[in-house]
Amino acid sequence: LTTLYLSLTGLESIDGIGRAKNLKVFHSTNNKLSTIPYDLYDVTSLEKVYLNYNNIGGRLSGSLKKLSKLEELYLMHNQLTGQIPSGIGGLNNIRVLGLTENNFEGTLPVELENLGTIEVLAIQREGGTDGQAAGGSDVGTSFGSSKSGKGIGGPLLSFKDMPNLRELYLGSNS
């Protein structure tokens, strides 16, 4: 099994996903997921993960760095909190990182500058630009933020080691 499409199924859990050791593409959007099970991070063959439009809460795990083959990650429109983990800088093949419409706070981790293959980086909150390239269908359709917390703040990164970066969405953060 290399592709698993479970979107729009009302799915509440993906426990056991770690047994799909050859999985490259995983879709589970528009469901009722509330967590990312830790065994997902053991599916090191993953190249594309679509978990947007769920209700995934809590902190994004630093174990994300174990998914070193990941090229596209879509976690938009969830309830993720805390800081974006520094382990995200270990995603050496990532081209699209869609984290919009969550409740992240803190500063951008400097490890993001390690993402030399990144083309689209989207971390805006509601009220930002449209985000279509990052997989969003209605990002920015209302004004102001409906999310709690202050969002991402602090200094911008230099982006000098991101030669492929062509789209950056950071709008509506503090």
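Throughout, residues of each chain are indexed from 1 in the direction in which the sequence is written. Confidence filtering applies because this is a predicted model: local features only for residues at pLDDT of at least 70, side-chain atom pairs given and counted only at 80 or more, and all residues used for totals across whole chains, interfaces and linings. Calculated side-chain values reflect all of the structure's heavy atoms, with hydrogen atoms and water omitted.

Draft legend 1. Quick peek at the sheet that holds strand β3 (residues 48–50). Read across the sheet, seven strands follow the order β1-β2-β3-β5-β7-β10-β12 without closing on themselves; strand pairing throughout is parallel. At either end of the open sheet lies a strand with only one pairing partner, and these are β1 (3–5) and β12 (167–169). Taking the axes of each pair of neighbouring strands and ignoring which way they run, one obtains an average angle of 5° across the sheet. Here β3 runs beside strand β5 (residues 72–74); their pairing, made up of three bridges, is parallel. Bridge pairing links Val 49 to Leu 73 in β5. Pairing between two strands requires that DSSP report at least two bridges joining them. Strands are runs of DSSP state E lasting at least 2 residues, helices are runs of H or I lasting at least 4, and numbering of each runs from the N terminus. Only the stretch in contact is used when a helix axis is fitted, and all axes are lines through C-alpha atoms; the angle between N-to-C directions ranges over 0 to 180 degrees.

Draft legend 2. The side chain of Asn 54, seen in detail. Position of Asn 54 among the secondary structure elements: in the loop between β3 and β4 (57–59). In the analysis that follows, any N or O atom pair within 3.5 Å is treated as a polar contact, provided that within protein one partner can donate a hydrogen and the other can accept it, and provided that, for residues neighboring in sequence, both atoms belong to side chains. A polar contact is formed between the side chain of Asn 54 and the backbone nitrogen of Asn 31, at a distance of 3.1 Å. In terms of polar contacts, Asn 54 uses its side chain to reach the backbone amide nitrogen of Lys 32, at 3.4 Å.

Draft legend 3. Just the sheet that holds strand β6 (residues 79–82), in detail. Taken together, the three strands give an open sheet; going across it, the order is β4-β6-β8, and neighbouring strands pair in parallel fashion. Since the sheet does not close on itself, it has two edges, and those belong to β4 and β8 (103–104), each with one partner. Inspection of the sheet shows β6 paired to β8 by two bridges, in the parallel sense. Residue Thr 81 lies in a different strand from β8, and its bridge partner there is Asn 103.

Draft legend 4. Spotlight on the pattern of salt bridges. Salt bridges are defined as contacts in which a side-chain nitrogen from Lys or Arg sits within 4 Å of a carboxyl oxygen from Asp or Glu. One pass over the structure, following the stated rule, counts seven salt bridges. The partner of Lys 66 in a salt bridge is Asp 42, with the nearest N and O atoms 2.7 Å apart. Highlighted residues: Lys 66 in the loop between β4 and β5 and Asp 42 in the loop between β2 (25–27) and β3, separated in sequence by 24 residues. Only protein chains enter the calculation, and the probe is 1.4 Å; a residue is then buried if its accessible area is under 20% of its type maximum, exposed if over 50%, and partly exposed in between. Asp 42 gets classed as partly exposed once you look at its relative accessible area, which sits at 32%. A salt bridge links Lys 160 to Asp 161, with the nearest nitrogen and oxygen atoms 4.0 Å apart. Overall, the relative accessible area of 63% leaves Lys 160 in the exposed class.

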